[in-house]
Amino acid sequence: MTSQWWRSAVIYQIYPRSFADASGDGVGDLIGITNRLDSLRDLGVDVVWLSPFMTSPQKDAGYDVADYCDVDPIFGTLADFDAMLARAKELDLRVIVDLVPNHSSDQHPWFQDALAAVPGSRERARYMFRDGRGEGGEEPPNNWQSLFGGPAWTRVTEADGTQGQWYLHLFDASQPDFDWSNEEVREEFRRILRFWLDRGVDGFRVDVAHGLVKRDGLPDYTPPEDGDSMGGIEPAPYFGQDGVHDVYRDWRKVLDEYDGERALCAEAWMPTVDEIAKWVRPDEMHQAFNFAYAMTRWNAGDLREVIIDSLRAFPDVGAPATWVLSNHDVIRHTTRLALPADVPQGHGIGPKTPDLPDTAVGLHRGRAATTLMLALPGSAYLYQGEELGLPEAVDLPDDARQDPTWFRHNGERYGRDGCRVPIPWEAGVPAYGFNRTGETWLPQPDDWAEYARDRQAGVEGSTLELYRTLLRLRREFGLASGELEWAEAAPDDVVTFRVGEVTVIANLGEQAVPLPQGADVLVSSGPLDGGALPNDTAVWLRGA
Ligand code: NOJ
C-alpha cells in the first residue's frame, strides 16, 4: 500500500458481535474473526476496523467500556487479539480499533469509586457530577436529553442514603461522561492509546469525537424538532466545542512517537463537511467519517453537491475525503436508500413507519450507490455484510431487540438492531455458518440463505462479486488517488464524472440514458438495457 495509507484505503468495519462466532455461544468473537480474515483479503479491502471488544457489561454493545486495556470474555482474551492482529499482518491487512473516550461504563472502577466518594472529591472530578437545580436539588442540572432518549442526567444515592448529585450521560445512564477538563482523564487516555499502539494496532476510530468537551456553564439546549442531534450549524453545547481539538492535537503527538503509519479517525457527527473537516486539520486526526455523504438521499443533485463539498473541504485542510454508506448505527443503505422521503433516515424505522421499503428497489439502489462511491477519490468505509447486499432486518421480534434506543424511546423507534444481525456465511447450515450451534444473539431472518457468502462467491452478477470487482478495479486504476472531473452537460438525474481513465455514470432518474458509444463497460451495478443505462444503475466505463 502507498505511504499515508489513510488517504486511499478501503476500511472494512467488523462488528465483532455479529461477524463470526468460533465459541458457538451466539456472540461473535476474536477467534471467529481470525478464522475468517482471509475472506476479507479475498474481498480486496486494505484495513479492518473492529468495533469495541474491550471489557464491558454490553449495555450498549461494547460502547460502554469497563476496562479499556482488556478483552471482554465474550470476545476472547488479549492473546486472541494478538493472534488476530498477527494473522491480519500476515494477510497484509491493517487493523484499527475503536476507542470510546467520551464516556465509560458505569461499571468502570473509576465510576464505582466516584459513586462511593463524596461530592467535590477527586473521584467525582473524573466525571460530570453536578448538584441538581431546585431547593433540594431535585431537578436535573440542565435540560439536556440523552441521544438515546430520555434525560441526560441521572441522580445518585449518596453513601449516607440521601438523594445526591446528578451525573451526565449523553447516551445511556450506564454510560457516564468523563470530564475532559481533568488532566487525570487526559493522562489515562494517553496510557490507553499507548497500550494498543504497543500491541501493534495501526490506529483508532474515535467514538463521539465531537463530544468530549462541553460548553462552560452547561447551558440549557433544546435540539430542533426535525433536526439532527447536532442541531444545525450552531452546535449543541455538548458537541463541536473548540476545546475538543486540543485533545486530538495531544493524541496526534502520541501517535507520532510511534513508527509505522498510525492513524486516527473521527466519528464526529457534525452537520456539514466543513464542520467535519475541522477534525482533520494538519495536526489533528487523519480521517473523519463523512456522515454528510452517508445521510444524503438518493437524489442526483444532492449527491453532486455533497461530493463537490467533500472534495473541497477535506483537501482544503490537507486531508483525504472519506466516503461511507453504512455502519452499525444507521439503517443499512440497501434499505435506507429506498425509504420514503418523509421517514427520517437517521432515526430509522419504527413500528409506525407506514411503508417499509421494497427490498428489490433497495438492493438495486444500494449496489448503484456503492458503485458510485468506490470510484470517488479518497478513502472508503464498508460495513460488514454490505458486500452481501444484506438489507436491514426490519421485522425482528420485539422481545429480541437489545438497542438502548428501543427501550429509551419506549418502543417507538426500532433503533439499530436491524443492521447488527449476525451475517450469513454459508447457506443451509445452522446460523448460516456464523457459528456451528445455530445460537445467535439477534435472530437471523429465515430468508437470508440467498445472501450467504458461499451462494454468491464466483456467481456473476452477485453483490459479492460486484464488490470484489469494484475493489480490484479501484486499485488497478488508482481511483482513490485520482482527480475527479465532472462531465459537462449531464441530465439532472444523472451523476457522472471521470477519474483518470474511468468514467462513472449513475442514473437516478426514471428513464434509461444512452451510454457513450464505443466505450468499454468495466463494471455495472446491474444489467444494462442494450446500449442504455437503466434507472438506479451505475456503471464504470473506459474509453468514453
Ligand atoms: C457512536 C457509536 O457508533 C454508537 O454505536 C454508540 O452507541 C455511541 N457512539 C455511544 O458510544
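The rules we used
Sequence order sets the numbering: in each chain, residues are counted from 1 along the sequence as written. Local features in a predicted model are, by the rule used here, given only for residues with pLDDT of at least 70; side-chain atom pairs are given and counted only at 80 or more, and totals for whole chains, interfaces and linings are based on all residues. By convention in this description, side-chain values take in all heavy atoms of the structure and omit both hydrogens and water. The helix count covers DSSP runs of H or I at least four residues long, the strand count covers runs of E at least two residues long, and both are numbered beginning at the N terminus. Here the globule rule is a power law, 2.2 Å times the number of residues to the power 0.38, and the radius of gyration is based on C-alpha atoms. Relative accessibility under 20% of the residue-type maximum defines a buried residue, over 50% an exposed one, and the middle range a partly exposed one, all with a 1.4 Å probe and only protein chains included. Between two residues, a contact is recorded if the distance between any of their heavy atoms is within 4.5 Å. A 1.4 Å probe and the Shrake-Rupley method give the accessible areas. Residues count as covered only by the protein chains that appear here. Charged-residue counts in this description rest on Lys and Arg as positive and Asp and Glu as negative, His and the chain ends being excluded. Charged side chains are reduced to one point each, which is NZ for Lys, CZ for Arg, CG for Asp and CD for Glu. Working definition: residue near molecule or strand if any one of its non-hydrogen atoms lies within 4 Å of it. Polar contacts here mean pairs of N or O atoms no more than 3.5 Å apart (in protein, one a potential hydrogen donor and the other a potential acceptor; neighbouring residues in sequence count only if both atoms are side-chain atoms). The classification used treats Ala, Val, Leu, Ile, Met, Phe, Trp, Tyr, Cys and Pro as nonpolar, Asp, Glu, Lys and Arg as charged, and all other residues, Gly among them, as polar. Only centres within 6.5 Å qualify two rings of Phe, Tyr or Trp (six-membered ring in Trp) as a pair; their planes then separate them into stacked at under 30 degrees, edge-to-face at over 60, and tilted for everything else. In this scheme, the term charge over a ring applies when either NZ of a lysine or CZ of an arginine sits within 6 Å of the ring centre and within 35 degrees of the ring normal. Note on pairing: DSSP must find at least two bridges between two strands before they are called paired. Axis definition: a line fitted to C-alpha atoms, limited for helices to the stretch in contact. Angles are taken between N-to-C directions and run from 0 to 180 degrees. What is meant by a nonpolar core is a set of buried Ala, Val, Leu, Ile, Met, Phe, Trp, Tyr and Cys residues, joined one to another through side-chain atoms within 4.5 Å. Segmentation of the chain into domains, including their bounds, is taken from an automatic or database domain assignment. A helix is expected to span 1.5 Å for every residue after the first. With respect to orientation, any angle under 35 degrees is reported as roughly parallel, any angle over 145 as roughly antiparallel, any angle of 65 to 115 as roughly perpendicular, and every other angle as oblique.

A.B. asks: A description of the overall build of the protein chain should follow, citing residues and the corresponding values.
C.D. replies: A count of helices and strands for the protein chain gives 13 helices and 20 strands. In terms of C-alpha radius of gyration, the protein chain reaches 23 Å, essentially the compact-globule figure of 24 Å for 544 residues. Dimensions of the protein chain along its principal axes, counting C-alpha atoms only, are 80 × 55 × 50 Å. The 544 residues of the protein chain split such that 61% are buried. Contacts spanning at least 24 positions in sequence make up 67% of the contacts within the protein chain whose residues lie at least 6 apart. Surface exposure of the protein chain reaches about 20,600 Å², of which carbon and sulfur atoms provide 48%. For the protein chain, the separation between the mean place of its 50 positive charges and that of its 89 negative charges on side chains is 3 Å.

A.B. asks: An account of the site of the ligand is needed here, citing residue identities and associated values.
C.D. replies: The ligand sits among 13 residues. The nearest are Asp60, Asp207, His328, Asp329 and Arg416. In the model, an oxygen atom of the ligand is placed 3.0 Å from a nitrogen or oxygen of the His103 side chain. One of the side-chain N or O atoms of Arg416 is found 2.9 Å from an oxygen atom in the ligand. For the ligand, whose free accessible area comes to 290 Å², the fraction covered by protein is 98%. When the residues that make up the shell around the ligand are grouped by side-chain class, the tally is 4 nonpolar, 2 polar and 7 charged.

A.B. asks: Which residues make up the packing of aromatic side chains, and what values do they have?
C.D. replies: Across all of its chains, the model carries 33 aromatic pairs by this definition. Between the aromatic rings of Phe111 and Phe129, the centroid separation amounts to 5.8 Å while the plane-to-plane angle is 15 degrees, which identifies the pairing as stacked. A residue pair is termed long-range when its members are at least 10 positions apart, and Phe111 in helix H3 (residues 109-116) and Phe129 in strand S6 (residues 129-130) qualify at 18 residues. The two residues Phe111 and Phe129 agree in class, both being buried. In this structure an aromatic cluster arises from ring pairing among Tyr68, Trp110, Phe111, Tyr127, Phe129, Tyr167, Phe178, Trp180, Phe189, Tyr248 and Trp251. Cation over ring: Arg17 sits above Trp441, and NZ or CZ is 4.1 Å from the ring centre. One cation-aromatic arrangement involves Arg401 over Tyr414; the distance from NZ or CZ to the ring centre is 3.8 Å.

A.B. asks: Account for the sheet that holds strand S20 (residues 537-542), with residues named and values stated.
C.D. replies: The 5 strands are arranged S14-S15-S16-S20-S18 in an open sheet whose pairing can be described as antiparallel. Looking at strand neighbours, the two that pair on one side only are strand S14 (484-486) and strand S18 (520-524), the edges of this open sheet. Averaged over neighbouring strand pairs, the angle between their axes works out to 25 degrees when direction is ignored.

A.B. asks: Could you give an account of the nonpolar core, naming the residues involved and the relevant values?
C.D. replies: Across soluble globular proteins, nonpolar side chains show a tendency to be buried alongside one another. Membership of the largest hydrophobic core comes to 165 residues, with the highest contact counts inside it found for Phe204 and Trp540. In contact with Phe204, not counting residues within four places along its chain, are Ile96, Val97, Leu99, Leu193, Trp196, Leu197, Leu255, Ala263, Leu264 and Cys265. If you look at the next biggest cluster of nonpolar residues, it comprises 8 residues, including Ala519, Leu533, Val539 and Leu541.

A.B. asks: Before we move on, can you summarise the side chain of Lys214 with the specific residues and values?
C.D. replies: Structurally, Lys214 is set in the loop between strand S9 (203-206) and helix H5 (244-256). Lys214 sits in the buried class, given a relative accessible area of 8%. There is a polar contact of 2.9 Å between the side chain of Lys214 and the backbone oxygen of Gly211. With residues near it in sequence (within four places) discarded, Lys214 still touches Asn102, Met128, Trp144, Leu168, Leu170, Asp177, Pro237, Tyr238 and Gln241.

A.B. asks: Summarise the domain arrangement of the protein chain; cite the residues concerned and give the values.
C.D. replies: Split into domains, the protein chain comes out as domain 1 (5-104 + 182-456), domain 2 (109-168) and domain 3 (484-542). Distance between the C-alpha centres of domain 2 and domain 3: 57 Å.

A.B. asks: Which residues make up the sheet that holds strand S13 (residues 379-383), and what are the values?
C.D. replies: On the basis of which strands lie adjacent, the open sheet formed by 8 strands has the order S11-S10-S9-S5-S2-S1-S13-S12 and parallel pairing. The sheet terminates laterally at strand S11 (287-288) and strand S12 (322-324), the two strands that pair on one side only. Judged from the 4 bridges that link them, strand S1 (residues 10-14) and strand S2 (residues 47-50) form a sheet pairing that is parallel. Counted as the bridge partner of Tyr12 is Val48 from S2. Helix-sheet contacts for helix H4 (residues 183-199) involve strand S5 (94-99) and S9, and the interaxial angle to S5 is about 155 degrees.

A.B. asks: Can you explain helix H8 (residues 300-316)? Please cite residues and give values.
C.D. replies: In a regular helix each residue adds 1.5 Å, so 17 residues correspond to 24 Å; H8 covers 24 Å between its end C-alpha atoms and thus fits that length. Residues of H8 that are buried: Ala300, Leu303, Val306, Ile307, Ser310, Ala313 and Phe314. The residue sitting at the N-terminus of H8 and contributing the capping side-chain oxygen is Asn299; that oxygen lies 3.0 Å from the backbone nitrogen of Gly301. Looking one or two residues past H8, Gly318 carries a phi angle of roughly 80 degrees, positive in sign.

A.B. asks: Account for unusual backbone geometry, with residues named and values stated.
C.D. replies: Even without being a glycine, Gln58 presents a positive backbone phi close to 65 degrees. Here Gln58 shows up in the loop between strand S3 (54-55) and strand S4 (67-71). Under the relative-accessibility criterion, Gln58 is labelled buried at 18%. Positive phi outside glycine occurs at Asn410, with the angle close to 50 degrees.

A.B. asks: If you had to explain the environment of Glu426 to someone new, which residues and values would you point to?
C.D. replies: Locating Glu426 in the fold gives a position in the loop between helix H11 (404-408) and helix H12 (453-456). For the pair formed by Glu426 and Ala449, sequence separation is 23 residues and the distance between their alpha carbons is 7.4 Å. For Glu426, the residues in contact, after removing those within four places along its chain, are Arg36, Tyr432, Gly433, Ala452 and Asp454. Separated by 3.1 Å, the side chains of Glu426 and Arg36 make a polar contact.

A.B. asks: Any chance you could break down the packing of helix H1 (residues 30-43) against helix H2 (residues 78-90) for me, citing the residues and the numbers?
C.D. replies: Running from N to C, H1 and H2 point in directions that differ by 10 degrees, and their axes come no closer than 9 Å. Here H2 runs roughly parallel to H1, going by the angle between their axes. Between H1 and H2, the residues in contact are Leu30, Ile31, Ile33, Thr34, Leu37 and Asp38 and Asp80, Phe81, Ala83, Met84, Arg87 and Ala88, respectively. In the contact of H1 with H2, the residues fall into 8 nonpolar, 1 polar and 3 charged.

A.B. asks: Give me the lowdown on helix H10 (residues 359-373), citing residues and values where you can.
C.D. replies: For the α-helix, the turn length of 3.6 residues means that residues three or four positions removed from each other point alike. Taking 1.5 Å of rise per residue, the 15 residues of H10 would be expected to cover 21 Å, and the 20 Å separating its terminal C-alpha atoms lies within 8% of that figure. Among the residues making up H10, those that are buried are Gly362, Gly366, Arg367, Ala368, Ala369, Thr370, Thr371, Leu372 and Met373. Taking the backbone nitrogen of Ala360 as reference, a side-chain oxygen 2.9 Å away marks Asp358 as the first, capping residue of H10.

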